[in-house]
Amino acid sequence: HHGVARQLFRAAVTFEAVTASAVGLLRLVGLATVENQVASTLAYGQQRALEVALALATEPQVLLLDEPTAGMSTAETKDMVALIGMLPRSLTLLIVEHDMDVVFRLADRVTVLHYGQVVTEGAPDEVRADPTVQANYLGADNMRKQTT
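Just so we're clear, the structure is a prediction, and the values are computed from it rather than from any experiment.

**Thoughts on the overall build of the protein**
So, step 1. Within the protein, the secondary structure is distributed over 6 helices and 4 strands.
So, step 2. Tracing the protein from N to C terminus, the helices and strands come up as α-α-β-α-β-α-β-β-α-α.
So, step 3. A burial count over the protein gives 30% of its 148 residues as buried.
So, step 4. Long-range pairs, those at least 24 residues apart, make up 46% of the contacts in the protein between residues at least 6 apart in sequence.
So, step 5. Summing over all exposed atoms, the protein offers an accessible surface of approximately 10,200 Å²; the carbon and sulfur share of this is 56%.

Okay, here's the thing in structure tokens:
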């Protein structure tokens, strides 16, 4: 009988630890207020934040985010950028993203690819100043913003 009680106690402790960890992750990604909602009922941006929480639950050393702001509204993009920006600096992030504003807000290092070939790479300011990047990815309007 003591063996069964010990197993139940161990299961309860493990369940409590997993629950505490899950709630902590939901809090981290800004979803604590919707912790009891079914995932499919969440707004799109919240569903993407939940995906980040699920990935973080595995305690990765490297996290790959493939277009984390794709299909998001301006407000959802702002929230996702804030979420990504507050992740621990000890976590290496590899982000594939077409929104250059998002890239420049988040990245320590940028590599620009065109049809699989490296166009340029370096610190965000170096990449932003690259004439090829300005002409092909930032456009004339962004170039004017940088010089004014």
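Next, the rest of the story.
**As for the packing of aromatic side chains**
So, step 1. Considering all chains together, one arrives at 0 aromatic pairs under this definition.
So, step 2. The positively charged end of R128 is found above the aromatic ring belonging to F104, 4.2 Å away from the centroid.

**Re the pairing of strand β4 (residues 117-122)**
So, step 1. The pairing of strand β3 (residues 110-114) with β4 spans 5 bridges and is antiparallel. When the bridges of β4 are listed, H114 appears paired with Q117.

**Overview of the pattern of salt bridges**
So, step 1. Scanning all chains against the criterion turns up 3 salt bridges.
So, step 2. A salt bridge links R109 to E121; its shortest N-O distance comes to 3.8 Å. Taken together, the residues R109 in the loop between α4 (100-106) and β3 and E121 in strand β4 connect sequence positions 12 residues apart.
So, step 3. A relative accessible area of 55% means that R109 is categorised as exposed.
So, step 4. Among the residues examined, E121 registers a relative accessible area of 42% and is labelled partly exposed.

**Topic: unusual backbone geometry**
So, step 1. Phi is positive for E59, which is not a glycine, with a value near 55 degrees.
So, step 2. For E59, the position within the fold is in the loop between α2 (44-56) and β1 (62-66).
So, step 3. Look at Y115: it is not a glycine, yet its phi comes out positive at around 50 degrees.
So, step 4. Relative to the helices and strands, Y115 is located in the loop between β3 and β4.

**Let's talk about the confidence of the model for the protein**
So, step 1. Overall, the prediction assigns the protein a mean pLDDT of 84, with 84% of residues at 70 or greater.
So, step 2. Mean pLDDT in the protein bottoms out at helix α6 (residues 131-147), which sits at 66, and peaks at β1, which reaches 95.
So, step 3. Low pLDDT, under 50, characterises residues 142-148; the predicted model gives this stretch 3 contacts beyond four residues in sequence or across chains.

**With respect to the environment of E97**
So, step 1. Its place among the elements puts E97 in the loop between β2 (92-96) and α4.
So, step 2. For E97 and E67, which are 30 residues apart along the polypeptide, the C-alpha to C-alpha distance reads 4.5 Å.
So, step 3. In this structure E97 touches E67, P68, T69, V102 and V103, once residues within four positions along its chain are discounted.
So, step 4. Here the side chain of E97 touches T69 through a polar contact of 3.0 Å, side chain to side chain.

**Examining the packing of α2 against helix α3 (residues 74-85)**
So, step 1. Packing of α2 against α3 brings their axes to within 9 Å, and their N-to-C directions diverge by 15 degrees. By the angle between their axes, α2 is roughly parallel relative to α3. Judged by the sense of rotation from one axis to the other, the crossing of α2 with α3 is right-handed. Contact with α2, carried on its side by Y44, G45, R48, A49 and V52, involves E76, M80 and L83 of α3 and no other residues of that element.
So, step 2. Of the residues assigned to the contact of α2 with α3, the class counts are 5 nonpolar, 1 polar and 2 charged.

Here is what the cut-offs are and how they apply
Once a new chain begins, its residue numbering starts again from 1 and follows that chain's sequence as written. Side-chain atom pairs in this predicted model are given and counted only at pLDDT of 80 or more, local residue features only at pLDDT of at least 70, and totals for whole chains, interfaces and linings cover all residues. The side-chain quantities take in all heavy atoms of the structure and omit both hydrogens and water. Labels follow the DSSP assignment, with helices taken as runs of H or I lasting at least four residues and strands as runs of E lasting at least two, numbered in each case from the N terminus. Three exposure classes are used, based on accessible area relative to the maximum for each residue type with a 1.4 Å probe and protein chains only: buried under 20%, partly exposed in between, and exposed over 50%. Contact definition: two residues touch when any of their heavy atoms are within 4.5 Å. To be clear on the numbers: accessible area is Shrake-Rupley with a 1.4 Å probe, and residue cover counts the displayed protein chains and nothing else. The criterion for an aromatic pair is that two Phe, Tyr or Trp rings (for Trp, the six-membered ring) have centres within 6.5 Å, with stacked assigned to planes under 30 degrees apart, edge-to-face to planes over 60 apart and tilted to the rest. Whether a charge sits over a ring comes down to the Lys NZ or Arg CZ being within 6 Å of the ring centre and within 35 degrees of the ring normal. At least two DSSP bridges between two strands are needed for those strands to be called paired. Basic side-chain nitrogens of Lys or Arg form a salt bridge, by our definition, when they fall within 4 Å of a carboxyl oxygen of Asp or Glu. The predictor reports its confidence for every residue as pLDDT, a score running from 0 up to 100. Two N or O atoms count as a polar contact when they lie within 3.5 Å, although within protein this holds only if one can serve as hydrogen donor and the other as acceptor, and sequence-adjacent residues are included solely when both atoms are side-chain atoms. Lines are fitted to the C-alpha atoms to define the axes, a helix being fitted only along its stretch in contact, and any angle between axes, read from their N-to-C directions, falls within 0 to 180 degrees. Angle categories are assigned with fixed cut-offs, so that under 35 degrees is roughly parallel, over 145 is roughly antiparallel, 65 to 115 is roughly perpendicular, and the rest are oblique. Crossing chirality is assigned from the near helix's rotation relative to the far helix, an anticlockwise turn below a right angle marking it left-handed and a clockwise turn marking it right-handed. Any residue outside Ala, Val, Leu, Ile, Met, Phe, Trp, Tyr, Cys, Pro, Asp, Glu, Lys and Arg is labelled polar, Gly included; the first ten of those are nonpolar and the last four are charged.

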